[in-house]
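In case you want the letters, here they are:
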Amino acid sequence: MSAPQSWRRFSVLVLRSDIDFASALLATATGASVAVEEPGEDDQGSTSHVCVSAYVHSSTSQAAARAVSALLARARRDGYLRSARPQKTVTVRDEDWAESWKRFYKPFAVAPRLWIAPSWEPDFRAPRGAQTLWIDPGMAFGTGQHPTTVLALRMLLPLVVRGCTVIDVGCGSGILGIAAGLAGARVRACDVDPVAIAAARANFRANDVRPDSIRTAGAVPAAFGRAPLVVANITADVLVRITHRLSRCLAKNGTLITSGVTRRGRKAVLAAFEAEGMRLRSQRRAGEWFAFAHRKA
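Residues numbered from 1 in each chain as written. Predicted model: local features only at pLDDT ≥ 70, side-chain atom pairs only at ≥ 80, totals over all residues. Heavy atoms only, no water.

(A) A look at the overall build of the chain. Scanning the chain from terminus to terminus reveals 9 helices and 15 strands. The buried share of the chain, taken over its 297 residues, is 51%. Residue pairs at least 24 apart in sequence account for 65% of intrachain contacts in the chain once pairs closer than 6 positions are excluded. (Helix = DSSP H or I, 4+ residues; strand = E, 2+ residues; numbered from the N terminus. Buried < 20%, exposed > 50% of the residue type's maximum accessible area, 1.4 Å probe, protein only. Contact = heavy atoms within 4.5 Å.)

Written out as structure tokens, the structure reads:
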């Protein structure tokens, strides 16, 4: 039996209007998934505030603490998160981990007419006219709360036409592909991580969405062919490295949605896509994060 482990919870109490920025800051500083919860009795918060938290293994918590402090100080110097209140860092025992995570992960609206709900909230019902995307998050694969996922969804879904093909590159837990499938698209998805692919397959099944193909692959499989819509929520350095592959699987006049790019990586990504002959049509921003829509001529 493995020895018990512990985790450190880093939390910041912020205004609701600052959720995206605070989530991006904690995710960048810790490399962990982020949870958003209502403030508890000890947080001394009002209804205008929420608590944004990230969990870090105790072995890396000191480095994470320094990074959180540095980024928060920088944000305040730049005029952001000035009303944010860092909360006391708490140790969470291994045996409390799963229940703690579930307590903080609740159904939420991720895009117009689309809600994401965890599997342990079976009684949840989305408002009339909206759909529910069910997911069993798992810390390694993504929950849909991160600003990069929200940005990608909000750029992708308005472009989905029933019956069109969408290729999801670096699909992780499958949220983007499943959302496209719920909107009527035919989905082909891939990821370099076989464990992520296993999780994505389970989430596709839970939502009764049957993908055309879902594969473990380091590149976009040639069998995927070309699609009018391609989405990739990946870091800037990877996007630059696979620009040609993304262009190759995008149909003529098709649209490529990319997310996961910070201000530091923005210029390199835009230059790489321009060199590939793709034109920037629109972009969105949430705090430090950018998402782009490029058109292939």
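Okay, back to it.
(B) How the structure looks around the packing of helix α4 (residues 147–156) against helix α5 (residues 175–182). For the pair α4 and α5, interaxial distance at closest approach is 10 Å and the crossing angle is 25°. Taken together, the axes of α4 and α5 lie roughly parallel to each other. For the pair α4 and α5, the crossing hand works out as right-handed. Residues Thr149, Ala152, Leu153 and Leu156 of α4 touch α5, and the partners they reach there are Ile175, Leu176, Ala179 and Ala180. Across the contact of α4 with α5, the residue classes tally to 7 nonpolar, 1 polar and no charged. (Axes fitted to C-alpha atoms, helices over the stretch in contact; angles between N-to-C directions. Parallel < 35°, antiparallel > 145°, perpendicular 65-115°, else oblique. Left-handed = near helix turned anticlockwise from the far one by under 90°. Nonpolar A, V, L, I, M, F, W, Y, C, P; charged D, E, K, R; others polar.)

(C) Highlighting the side chain of Thr148. When you line up the elements, Thr148 lands in helix α4. A polar contact is formed between the side chain of Thr148 and the side chain of Asn233, at a distance of 3.3 Å. The contacts of Thr148, once residues within four sequence positions are left out, are Asn233, Ser259, Gly260 and Trp289. (Polar contact = N/O pair within 3.5 Å; in protein donor to acceptor, adjacent residues only side chain to side chain.)

(D) Here's a closer look at the pairing of strand β7 (residues 114–118). Among the 5 residues in β7, 4 count as buried, and that is most of the element. Where strand β6 (residues 108–111) meets β7, 3 bridges bridge the pair, whose relative direction is antiparallel. By the bridge assignment for β7, Ala109 is matched with Trp115. If you look at the hairpin formed by β6 and β7, you'll find 2 residues sitting between the two strands, and Arg113 has a positive phi there, around 65°. Pairing analysis gives 5 bridges linking β7 to strand β8 (residues 131–135), with the strands arranged parallel. Within β8, the position partnered with Ile116 by the bridge is Leu133. (Pairing = 2+ DSSP bridges.)

(E) Quick peek at α4. Within α4, 9 of the 10 residues are buried, leaving the element largely enclosed by the surrounding structure. Taken residue by residue, α4 has Pro147, Thr148, Thr149, Val150, Leu151, Ala152, Leu153, Met155 and Leu156 as its buried positions.

(F) Spatial organisation of the sheet that holds strand β12 (residues 227–233). Strands sit in the order β11-β10-β9-β12-β13-β15-β14 across an open sheet of 7 strands; the sheet is mixed. The two strands at the open ends of the sheet, each matched to only one other strand, are β11 (213–216) and β14 (278–286). Neighbouring strand axes in the sheet, compared pairwise and without regard to direction, differ in orientation by 15° on average. Note: strand β10 (residues 186–191) against β11, 4 bridges, orientation parallel. Bridged to Ala189 within β11 is Ile214.

(G) Quick peek at the pattern of salt bridges. Applying the stated criterion across every chain yields a total of 3 salt bridges. Between Asp212 and Arg188 there is a salt bridge, with its nearest N and O atoms 3.6 Å apart. Residue Asp212 is located in the loop between α6 (194–206) and β11, and its partner Arg188 is located in strand β10; the two are separated by 24 residues in the primary sequence. A salt bridge links Arg263 to Glu288; its shortest N-O distance comes to 2.9 Å. Of the two residues, Arg263 sits in helix α9 (residues 263–275) while Glu288 sits in the loop between β14 and β15 (289–296), which places them 25 residues apart along the sequence. Relative accessible area serves as the criterion here: at 34%, Arg263 is assigned to the partly exposed category. One continuous salt-bridge network, built from bridges that share partners, spans Arg186, Arg188 and Asp212. (Salt bridge = Lys/Arg side-chain N within 4 Å of Asp/Glu carboxyl O.)

(H) Looking closely at the pairing of strand β1 (residues 6–15). Bridge count for β1 against strand β3 (residues 49–57) is 9 bridges, and the pairing is antiparallel. Bridge pairing in β3 links Val12 to Val52. The pairing of β1 with strand β4 (residues 85–86) spans 2 bridges and is classified as antiparallel. Residue pairing for β4: Val12 is matched across the bridge by Pro86.

(I) α5, seen in detail. Judged by how many residues are buried, α5 sits mostly within the fold: 8 of 8 residues are covered. Residues Ile175, Leu176, Gly177, Ile178, Ala179, Ala180, Gly181 and Leu182 constitute the buried set of α5. Looking one or two residues past α5, Gly184 carries a phi angle of roughly 105°, positive in sign.

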